[in-house]
Amino acid sequence: MATPNITVDLLNQYCDEYRNWGRWGGDDELGTLNHITPEKIVESAGLVHQGKVFSLELPLDGNGPQTGAFGRVNPIHQMVATGTDHVEGTQGWPMGWGVADDTLFLFLQGGTQWDALAHIFYDGKMYNGYDARLVSSSGAEKNGIENQKTVVSRGVLLDIPRVRGVEHLQPGDAITGEDLDAACKHHGVEVGTGDIVLIRTGDMARRRELPGWDGFSAGDSPGLSLLSAPWLAEREVAAIATDTWGAEVRPNEIEGSFQPLHLVMVVSMGLFVGEIWYLDELAADCAEDGVYEFQLVAPPLVIPRAVGSPLNPQAIK
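Every value quoted in this text rests on a predicted model; they were computed, and no experiment measured them. (Residues numbered from 1 in each chain as written. Predicted model: local features only at pLDDT ≥ 70, side-chain atom pairs only at ≥ 80, totals over all residues. Heavy atoms only, no water.)

Novice: Describe in detail the environment of W231, supporting the description with residues and values.
Specialist: Take W231: it is sitting in helix α7 (residues 229-234). Setting aside its immediate chain neighbours within four residues, W231 contacts L158, G177, L180, D181, C184, V191 and V237. (Helix = DSSP H or I, 4+ residues; strand = E, 2+ residues; numbered from the N terminus. Contact = heavy atoms within 4.5 Å.)

Novice: Explain the packing of aromatic side chains to me, and be specific about the residues and the numbers.
Specialist: Aromatic ring pairs are described here by two measures, namely the spacing of the ring centres and the angle between the planes. Tallying each qualifying case throughout the model produces eight aromatic pairs. When the ring of Y14 is compared with that of Y18, the centres are 5.6 Å apart and the planes differ by 45°; the resulting orientation is tilted. Judged by its relative accessible area of 5%, Y14 falls in the buried class. Ring plane angle 55° and centroid distance 5.7 Å describe the contact between F70 and F258, whose orientation is recorded as tilted. (Phe/Tyr/Trp six-rings, centres within 6.5 Å; stacked < 30°, edge-to-face > 60°. Buried < 20%, exposed > 50% of the residue type's maximum accessible area, 1.4 Å probe, protein only.)

Novice: Summarise the side chain of S228; cite the residues concerned and give the values.
Specialist: Mapped onto the fold, S228 is located in the loop between β10 (223-224) and α7. The class of S228 is buried, set by a relative accessible area of 0%. Beyond its immediate stretch of four places on either side in the chain, S228 contacts I175, T176, G177, L180 and L261.

Novice: Can you break down the pairing of strand β13 (residues 293-297) residue by residue, with the values?
Specialist: Direction of pairing for strand β7 (residues 152-159) relative to β13: antiparallel, over a ladder of five bridges. By the bridge assignment, S153 is partnered in β13 with L296. In the sheet, β13 pairs with strand β15 (residues 314-316) via three bridges, with the strands oriented antiparallel. Of the residues in β15, the one forming a bridge with Q295 is I316. (Pairing = 2+ DSSP bridges.)

Novice: Tell me about the nonpolar core, and please be specific about residues and values.
Specialist: The biggest cluster of nonpolar side chains holds 67 residues, and the ones touching the most others in it are W114, L158, L198, I240 and W277. The leading source of residues in this core is helix α8 (residues 260-269), at seven residues. One finds M204, A218, W245 and Y278 within the second-largest nonpolar core, a separate group that totals eight residues. (Core = buried A, V, L, I, M, F, W, Y, C linked by side-chain atoms within 4.5 Å.)

Novice: Explain the pattern of salt bridges to me, using residue names and the numbers behind them.
Specialist: Going through the model one piece at a time under the given rule, you end up with 19 salt bridges. Here D289 and K52 are joined by a salt bridge, their closest N and O atoms 3.3 Å apart. In this pair, D289 sits in helix α9 (residues 280-289) while K52 sits in the loop between α2 (38-45) and β1 (53-55), placing the two residues 237 residues apart along the sequence. By relative accessible area, D289 is classed as partly exposed at 27%. Using a relative accessible area of 23% as the deciding quantity, one classes K52 as partly exposed. For R200, the salt bridge identified is with D280, shortest N-O distance 2.9 Å. On the criterion of sequence distance, the pair formed by R200 in strand β9 (residues 196-200) and D280 in helix α9 is long-range, its members being 80 residues apart. Per residue, the accessibility class of R200 equals that of D280, and both read buried. One salt-bridge network, held together by shared partners, links K40, E43, R154, D195 and E293. (Salt bridge = Lys/Arg side-chain N within 4 Å of Asp/Glu carboxyl O.)

Here it is in structure tokens:
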């Protein structure tokens with residue numbers, strides 16, 4: 001079959017063809033997480049054999065990837081009570097007692113994060129046909145992140161650079177369904193209903209130690225092509241996450257567009273999307289033992305009406 005041209009017409013075709021609005025009821029706010037059944041969770045528990053656990057979170061600190069683009073800055077950690085205060089006698093607690101306390105200011109999508117289904121709109125609508133005006137200055141009345149407060153399933157890592165025999169993909173390198181199939185074959189895994197697919201590009205590993213992360217945030221990057229949409233939909237994956245800023249390839253494949261695949265994934269499919277995940281340690285272990293499947297425990301914080309959330313996902317082998 002000839003590869004279709006990536007155009008606005010193809011985007012709208014995919015939005016129509018893979019739309020899950022009403023599939024799980026007119027009041028659904030879970031989207032593709034509905035694919036995770038109790039049986040799927042039990043299956044994921046059966047993948048734990050070695051007792052190895054990998055944190056997939058980038059540290060929440062001032063060394064993160066944000067540059068101020070779209071208003072996002074890196075987390076700001078502040079101490080409001082310290083041991084210095086205690087020793088100087090300024091705290092006033094009785095009987096030699098002292099305390100340390102602190103705060104954290106952060107953009108909910110500034111580091112390792114999930115997109116809520118209220119995060120993206122297309123022509124005035126969000127997932128399941130809800131009006132975009134339901135997300136106001138008081139937060140999301142529909143599709144808020146609190147609906148996804150439990151996320152446990154079989155995780156599968158697809159390490160695209162390792163499949164291609166390179167250290168990392170280059171900005172602008174697009175990942176198609178054929179590439180994802182090749183990765184499954186290379187790693188000896190299959191992807192199916194309810195799985196959470198982690199897609200490593202090596203982009204974070206390449207840029208993390210460079211000044212300003214070398215344009216990682218909102219810049220050109222490798223990522224999923226619009227042409228990967230059929231693969232994601234037909235396999236009924238519950239969620240995807242990547243080690244890039246925006247999951248999909250940049251520059252955007254359609255001139256004048258912005259993140260067009262998100263319109264298919266988030267708005268039409270109701271697919272749970274994660275970005276800025278740290279996958280390098282897990283990838284090294286998978287390459288060593290040849291096991292690219294694991295239990296993934298990855299709930300967001302329960303923040304009512306929020307349109308995204310940080311998390312500390314755990315891959316358990």
